[in-house]
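Take a look at the letters that make up each chain.
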Amino acid sequence: MSRGTQNMEHGVSVLFVCMGNICRSPLAEAAFRQAAARHGLEVRVESAGTGNWHVGEAPDPRARAMAARHGIDLDQYRARVVTGQDFYQFTHIIAMDHANMAHLSRMRPVDGVSELSLLLDYVAHRHGTAVVDPYYGTTEDFAATWRDVSEGAEALALYLKKQAR
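Residues numbered from 1 in each chain as written. Predicted model: local features only at pLDDT ≥ 70, side-chain atom pairs only at ≥ 80, totals over all residues. Heavy atoms only, no water.

Caption draft 1: Quick peek at the overall build of the chain. A tally of regular secondary structure across the chain gives six helices and four strands. Counting helices and strands in the order they occur from the N terminus, the chain gives α-β-α-β-α-α-β-α-β-α. For a compact globule of 165 residues, the expected C-alpha radius of gyration is about 15 Å, and the chain comes in at 15 Å, within 12% of that figure. A principal-axis box enclosing the C-alpha atoms of the chain has dimensions of 50 × 35 × 30 Å. (Helix = DSSP H or I, 4+ residues; strand = E, 2+ residues; numbered from the N terminus. Rg over C-alpha atoms; globule rule 2.2 N^0.38 Å.)

What follows is the structure, encoded as C-alpha cells:
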C-alpha cells in the first residue's frame, strides 16, 4: 500500500498555500474551518507557505485583525513551509495564486497524491482567478482577500460535501 493510499483512508485533508503563510493562507484556513463546521464536514485543515521568511511567526497583524472582525482568533497560528511530505499527507493542496501553484507543481513528488488547485477554482465563474495578495496593501486589500477566501472556502466546502455523498 502506498503512502497516498494510506492517507486517503483517513478522510479529507486540505492544505492552503501562499507565499509566506502569514496573510492569505491563514485567512483561507480560518474561513474554511468556519465553512466546514457550518456544513458538518470533518476535515483536517492547515496552511503553509512556499517561502521560509516567516517560519514560526504569527499571521500578519492586519490578517489577525480582519479575522477578528469575523469572530476568528488567529493568534495561535504559526507560519510553516510546505514540504514534499505534504503531498502524501493532504488530499487537497490549494494555492492562492498562479506563482504558488507553479511552485507546488514543480516540487510535487511524482507519486504525490494531493489534488492541486487554486482556491477560486471552486467558485463559479472564477476558475483560474488568484486570491488578492494584501501584503503590500491597505485594510481594504485585506477586506478583499477576506471576501475571496470566504467565497472560496464556502464553495470548497460545498464541493467536498457533494463528493462525500
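Here the narrative resumes, following the displayed structure.
Caption draft 2: Broad picture of the packing of helix 3 (residues 61–69) against helix 6 (residues 139–164). At their nearest, the axes of helix 3 and helix 6 sit 10 Å apart, and the two run at 55° to each other. In terms of orientation, helix 3 lies oblique with respect to helix 6. Considering how the two elements wind past one another, helix 3 and helix 6 form a crossing that is right-handed. Residues Arg-62, Ala-63, Met-66 and Arg-69 of helix 3 form the contact with helix 6, whose own contacting residues are Thr-139, Phe-142, Ala-143 and Trp-146. (Axes fitted to C-alpha atoms, helices over the stretch in contact; angles between N-to-C directions. Parallel < 35°, antiparallel > 145°, perpendicular 65-115°, else oblique. Left-handed = near helix turned anticlockwise from the far one by under 90°. Contact = heavy atoms within 4.5 Å.)

Caption draft 3: Representation of the environment of Ser-150 within the structure. Note on placement: Ser-150 falls in helix 6. For the pair formed by Ser-150 and His-125, sequence separation is 25 residues and the distance between their alpha carbons is 16 Å.

Caption draft 4: Representation of the pairing of strand 2 (residues 44–49). Where strand 1 (residues 13–18) lies against strand 2, six bridges are found, and the strand directions are parallel. Within strand 2, the position partnered with Cys-18 by the bridge is Gly-49. Once you follow strand 1 into helix 2 (residues 24–38) and on to strand 2, the crossover reads as right-handed. (Pairing = 2+ DSSP bridges. Right-handed = clockwise from strand over helix to strand, strands pointing away.)

Caption draft 5: Seen up close, the side chain of Thr-50. Its location among the elements puts Thr-50 in the loop between strand 2 and helix 3. Take Thr-50: its relative accessible area is 14%, and that puts it in the buried class. Residues contacting Thr-50, with those up to four places away along its chain left out, are Val-17, Cys-18, Met-19, Val-81, Val-82, Asn-100 and His-103. (Buried < 20%, exposed > 50% of the residue type's maximum accessible area, 1.4 Å probe, protein only.)

Caption draft 6: Expanded view of the packing of aromatic side chains. What the rule picks out here adds up to three aromatic pairs. Note on Tyr-135 and Tyr-136: the rings are 4.8 Å apart at their centroids and 85° apart in plane angle, and the pair reads as edge-to-face. Tyr-135 sits in the partly exposed class, given a relative accessible area of 30%. Owing to a relative accessible area of 78%, Tyr-136 belongs among the exposed residues under this scheme. Directly above the aromatic system of Tyr-135 lies the positively charged group of Arg-62, at a separation of 5.9 Å from the ring centroid. (Phe/Tyr/Trp six-rings, centres within 6.5 Å; stacked < 30°, edge-to-face > 60°. Lys NZ or Arg CZ within 6 Å of the ring centre and 35° of its normal.)

It is worth stressing that arrangement in space is one thing and function is another; only the former is reported here.
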